[in-house]
Amino acid sequence: MDLDSKLQNLLNEQINHEMSSSYVYLAMSSWFEETPYSGFAQWMYTQSLEETDHAMKFYRFLADRNAKVELMAIEQPSADYDSVLDVFKASLGQERRVTAQIHDLYSLADEVRDHETKNFLNWFLDEQVEEEKNVRDMIDRLELVGVNPVGLLQLDQEAAGRKPVAASGAV
Ligand code: MG
């Protein structure tokens, strides 16, 4: 079954959203590179790679559905943050926006009765629950330690232990 043209456009936009998200996380990683927090830098770097991988999943799905892939310009990300907590709060905002985008895609796929696309998007729905939870957990603990350097360095060390999740194997 050919993709509905509106759905095809939205899927192409999602490649861009995921790549933009990857770029935002890379900017966050670079912000941490200038601080003592190498673990948070690593966390954000891993997140950036995962977002690129998400983009590749959409790319592959469009190509496999015999649909035209259209790549769009990626906006320059902001790298202007006040604190560790500020970065993670921005990250939560970022993830909530992506969740809303996936919901829009799912609603449209449902409307045009494209069951394959709905099935494909299920993985992303699960992923967004996980992403939002991870960031919220980190925010909760950052709020708990406040500006205590010992607490911050402990969270930084934990963040360094984050392992990349191999999603599509595209990157
Ligand atoms: Mg993503």
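Residues numbered from 1 in each chain as written. Predicted model: local features only at pLDDT ≥ 70, side-chain atom pairs only at ≥ 80, totals over all residues. Heavy atoms only, no water.

Caption draft 1: Quick look at the overall build of the chain. What the chain contains, in helices and strands, is five helices and zero strands. Seen through its principal axes, the chain has C-alpha atoms that stretch 55 × 25 × 25 Å. When each of the 171 residues of the chain is scored for burial, the buried share is 44%. Taking the contacts inside the chain whose residues are at least 6 apart along the sequence as the reference set, 82% of them involve residues at least 24 apart. (Helix = DSSP H or I, 4+ residues; strand = E, 2+ residues; numbered from the N terminus. Buried < 20%, exposed > 50% of the residue type's maximum accessible area, 1.4 Å probe, protein only. Contact = heavy atoms within 4.5 Å.)

Caption draft 2: Region of the structure containing the environment of Arg97. Positionally, Arg97 belongs in helix H3 (residues 84-111). Given the relative accessible area of 48%, Arg97 is considered partly exposed.

Caption draft 3: Fine view of the side chain of Glu95. Along the chain, Glu95 falls in helix H3. Look at Glu95: it is buried, it has no salt bridge, and the nearest opposite charge is Arg162 at 8.1 Å. Looking at Glu95, its side chain comes within polar contact range of the side chain of Tyr25, at 2.6 Å. Discounting residues that sit within four places of it in the chain, Glu95 has contacts with Tyr25, Gln47, Glu51, Gln128, Glu131, Glu132 and Val135. (Lys, Arg positive; Asp, Glu negative; His and termini not counted. Salt bridge = Lys/Arg side-chain N within 4 Å of Asp/Glu carboxyl O. Polar contact = N/O pair within 3.5 Å; in protein donor to acceptor, adjacent residues only side chain to side chain.)

Caption draft 4: Region of the structure containing the environment of Glu18. Locating Glu18 in the fold gives a position in helix H1 (residues 5-33). Here Glu18 falls in the buried class, since its relative accessible area comes to 0%. Along the sequence, Glu18 and Glu116 sit 98 residues apart, while their C-alpha atoms lie 20 Å from each other. Apart from residues no more than four positions distant in its own chain, Glu18 is found in contact with Glu51, His54, Ala55, Phe58, Val98, Ile102 and Phe124.

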